[in-house]
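Structural characterization, general
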Protein chains: 4
Amino acid sequence: LHRCEAQIDALRECGRLFHSRGWSVGTSSNYSAVVSTSPLRLVLTASGKDKGRLNRNDFVLVDENGAPTSDGQPKSSAETLLHIAVAQELPAGAILHTHSAWATVLSDVYGEQGWFDLEGFEMLKGLEGIATHETSHRVHIFENTQDIADLASRVRPRLHGDGAITHGYLIRKHGLYTWGATVEDARRHIEVYEFLFECFARQLMLTGEIPCAAAAAT
Amino acid sequence: LHRCEAQIDALRECGRLFHSRGWSVGTSSNYSAVVSTSPLRLVLTASGKDKGRLNRNDFVLVDENGAPTSDGQPKSSAETLLHIAVAQELPAGAILHTHSAWATVLSDVYGEQGWFDLEGFEMLKGLEGIATHETSHRVHIFENTQDIADLASRVRPRLHGDGAITHGYLIRKHGLYTWGATVEDARRHIEVYEFLFECFARQLMLTGEIPCAAAAAT
Amino acid sequence: LHRCEAQIDALRECGRLFHSRGWSVGTSSNYSAVVSTSPLRLVLTASGKDKGRLNRNDFVLVDENGAPTSDGQPKSSAETLLHIAVAQELPAGAILHTHSAWATVLSDVYGEQGWFDLEGFEMLKGLEGIATHETSHRVHIFENTQDIADLASRVRPRLHGDGAITHGYLIRKHGLYTWGATVEDARRHIEVYEFLFECFARQLMLTGEIPCAAAAAT
Amino acid sequence: LHRCEAQIDALRECGRLFHSRGWSVGTSSNYSAVVSTSPLRLVLTASGKDKGRLNRNDFVLVDENGAPTSDGQPKSSAETLLHIAVAQELPAGAILHTHSAWATVLSDVYGEQGWFDLEGFEMLKGLEGIATHETSHRVHIFENTQDIADLASRVRPRLHGDGAITHGYLIRKHGLYTWGATVEDARRHIEVYEFLFECFARQLMLTGEIPCAAAAAT
């Protein structure tokens, strides 16, 4: 893991930040960075670690099947295949998965509908390639499952074509996956999504408009 | 207390974290770790200390009756017997008690009913031994009292048998008790419960569904 | 100010904590400690300082009239007389005044009524001398004014007799005053009140019960 | 940039504070300080930097047209002209722009109306020159746009005359601009506005009064 120490340290700093925000508590969440693309190698948080206090040896190097590249490494996260899916389908350099309270709640309130739209926020420009607030960004929600291989196979085709998932998605009552060209970009996307979820939910609380809207759409 | 310095330091770190989160303010809360099981010895926070700034000598070593093992130690928490109860009934290595705002509020809103259920959250897997989000986890609520011996005697039988309390419980308008094999495990359980209370309460605020549900059940 | 450096440092630490919590932002709040009782001398935060970054020379030593005891000191807070009032009427060793969002909001929602009750919370035991949660603690609210001398004269008689204000009070859309035998005790009271305001307000948001209740009582 | 290192360091500290509060996440926000007034020179955060981790070279020195004063500097923020507008129209020494969740939400809920009033709060005295809580302070809201030159030209005339914008304004679903004689003063204004937005919004959530009020006014 020597050659990817800088990436590991950047992921550790993500852990400290996200844990302090309450987005990666209870040893939830997992983070990865792409070390090489051919062959595909990812460095990924090991399973069950406290994300606020990651050590350098709390990571595992995995191959394109999600298997450790060598013996004696800690167990990789159960959700390794979701990281592999993004790394294979998109030119992502880092994939971050967090569990925030609003991601959890909104993914359930809009779970039947399968999506909600974030519209007109200046903060949307924090998502790579979005140049104006006059954007409607759809957040897609997948049903949660413990069959990660199945979930990965459902996610893969959605990353291409019309209405493709461009920057991230939610898993119902579970959390957010997002990615970027670098750890810094992916970290920015986490901050942007979490801010937008916060705004979206607070506005719903203030105006009392959501439950019906979501219900009507189901 | 020499031989349990590592446990004491782990509990002090819990205090810093929980105080910063607002779960252990106003000198509330108490934390313990099992030093030996036969005879039972617990190291426990002394009464009335600021949990965000615990010193090594803010702890007391108590026996299976909750009495200090030697003179000259600070006064142990009034709730010592609740720690003893869990340590005697279950194979717990650490017991943590916190006072968060949501634990306080939810324990009252659902107090008449005596419980509420946390269902379908991925975060439930953070509770030891739960392997799938397809779980319904009942949070039991005890009426508060200043008669701790009585409360302890009400808690003990609920830790066994059908519908046993497995990971933690609430005391009405008071707070959360949880435990684990180690301080780290118990700390993870605190984070998991607090996250789930947060999600549960925010969803109720967003959808406006609770008061009636709780009322109907009473 | 040499002989009261320990008290000043304890108040500075209060400032760092309360600012980080959002209870003393925008240079609001002021804190004092009693240096001697006869003659009465208080060390008090100077006017207009950032409470999160107090220096030792951001304090002023005042006499029983609220006047600086020597020239060349910074200007004392406009609310000095409210500190003097408590220090003269009660055996308080420290007086802390904070501006939190919930203190501000609750003091207005219940402003016409002039009080609200905190009942049945275990956390009430964090207020000095309260030994059981089976307590109803009335939080009194004074109308805000820029005439501090007048406000001080309205507060003084309320600190004695039947239904006396025992631990603290609110000023409408302004903030909380509380005190204790030491800076530590007063700091604990701030944490206790803020926690209880948080619980009280969240329960109102969850159950939707307040506005009417407060309105009905007016 | 040598001669303005103290101002740059003060802006960097603003960044650390505002990022920790969640008001400047996702590389949003930009901050400036006036280095000289004739000719006008501002030191300004470069585009796209993480505000929680600003380095000294994450700033650019711009002239009265918003152009860099020398080659080889990083790109200045897209919103440079909004900083120039305030610096030219008012005797401001620093201009700070943040993106908080409540600023975003309130600016939209009251967006059609174009303003909301903050009344009777003691914290209003934190805005320079306001000496009493018996003040009604109108927060004006501008529609968001990517045409910053146009927005700047709409803001300029509103900084003068009857009902002039005195301390700050909101851009809809975007954020807050405020300023002050020094970085410290502008930073205090950010804290004051954010506190007041928090109080205003929480009171609306508690009493459920807003949506209609805002709707009625449209």
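All of the points below concern the structure found in this document. (Residues numbered from 1 in each chain as written. Chains lettered and ligands numbered in written order. Predicted model: local features only at pLDDT ≥ 70, side-chain atom pairs only at ≥ 80, totals over all residues. Heavy atoms only, no water.)

1. Examining the packing of helix α1 (residues 5-21) of chain B against helix α5 (residues 183-207) of chain B
Residues and elements named next belong to chain B. Viewed as axis vectors pointing N to C, α1 and α5 meet at an angle of 15 degrees, and their least axial separation amounts to 10 Å. By the angle between their axes, α1 is roughly parallel relative to α5. The hand of the α1/α5 crossing is right-handed. Every residue of α5 that contacts α1 at Gln7, Ala10, Leu11, Glu13, Cys14, Leu17 and Phe18 is listed here: Val183, Glu184, Arg187, Ile190 and Glu191. Grouping the amino acids of the contact of α1 with α5 by side-chain chemistry returns 7 nonpolar, 1 polar and 4 charged. (Axes fitted to C-alpha atoms, helices over the stretch in contact; angles between N-to-C directions. Helix = DSSP H or I, 4+ residues; strand = E, 2+ residues; numbered from the N terminus. Parallel < 35°, antiparallel > 145°, perpendicular 65-115°, else oblique. Left-handed = near helix turned anticlockwise from the far one by under 90°. Contact = heavy atoms within 4.5 Å. Nonpolar A, V, L, I, M, F, W, Y, C, P; charged D, E, K, R; others polar.)

2. Considering the relation of the copies chain D and chain A
Mapping one chain copy onto the other needs a rotation about an axis and a shift along that axis. Superposing chain D onto chain A takes a rotation of 90 degrees combined with a translation of 0.0 Å along the rotation axis, leaving an RMSD of 0.0 Å. Such a combination of rotation and displacement between the chain copies is what one expects of a four-fold axis. Closest to the rotation axis within chain D is the C-alpha of methionine 205 of chain D, separated from it by 5.0 Å. When you check the interface residues of chain D against chain A, a mere 7% turn up at the interface there too, and the two sides of the contact use different surfaces. (Least-squares fit on C-alpha atoms with pLDDT ≥ 70 in both.)

3. Considering helix α4 (residues 148-158) of chain D
When α4 of chain D is considered as a whole, its buried residues turn out to be Ile148, Leu151, Ala152 and Val155 of chain D. Taken around the axis of α4 of chain D, the buried residues stretch over an arc of 100 degrees, which confines them to a single face. (Buried < 20%, exposed > 50% of the residue type's maximum accessible area, 1.4 Å probe, protein only. Arc of directions from axis to C-beta.)

4. Quick word on the packing of aromatic side chains
Taken as a whole, this structure holds 40 aromatic pairs over all chains when the rule is applied. Arranged with centres 5.4 Å apart and planes meeting at 45 degrees, the rings of tyrosine 110 of chain A and phenylalanine 116 of chain A form a pair that is tilted. With respect to burial, tyrosine 110 of chain A and phenylalanine 116 of chain A carry one shared label: buried. Ring centres of phenylalanine 18 of chain C and tyrosine 31 of chain C lie 5.8 Å apart, and the angle between their planes is 80 degrees; on these two criteria the pair is classed as edge-to-face. One end of the pair, phenylalanine 18 of chain C, is in helix α1 (residues 5-21); the other, tyrosine 31 of chain C, is in strand β1 (residues 30-37), and 13 residues separate them in sequence. Taken together, the aromatic side chains of Tyr110, Phe116, Tyr193, Phe197 and Phe200 of chain A make up a single cluster linked through ring pairs. (Phe/Tyr/Trp six-rings, centres within 6.5 Å; stacked < 30°, edge-to-face > 60°.)

5. Topic: the sheet that holds strand β2 (residues 40-45) of chain B
Residues and elements named next belong to chain B. The strand order β3-β2-β1-β4-β8-β7-β6-β5 describes an open sheet built from 8 strands, whose pairing is mixed. Across the chains shown, the open sheet's two edge strands, defined by having one partner strand only, are β3 (59-62) and β5 (115-119). Averaged over all adjacent pairs, the angle separating strand axes in this sheet is 20 degrees, with direction ignored. Of the pairings in the sheet, the one linking strand β6 (residues 136-142) to strand β7 (residues 168-171) comprises 2 bridges and is parallel in character. If you follow isoleucine 141 over to β7, its bridge partner there is leucine 170. Relative to strand β1 (residues 30-37), α1 is tilted by about 160 degrees, and along the sheet it contacts β1, β2, β3 and β4 (94-98). (Pairing = 2+ DSSP bridges.)

6. Re the arrangement of the chains
Nowhere do chain A and chain C come into contact; their C-alpha atoms are at least 10 Å apart. One thing to see here is that chain B and chain D don't touch, and their nearest C-alpha atoms sit 10 Å from each other.

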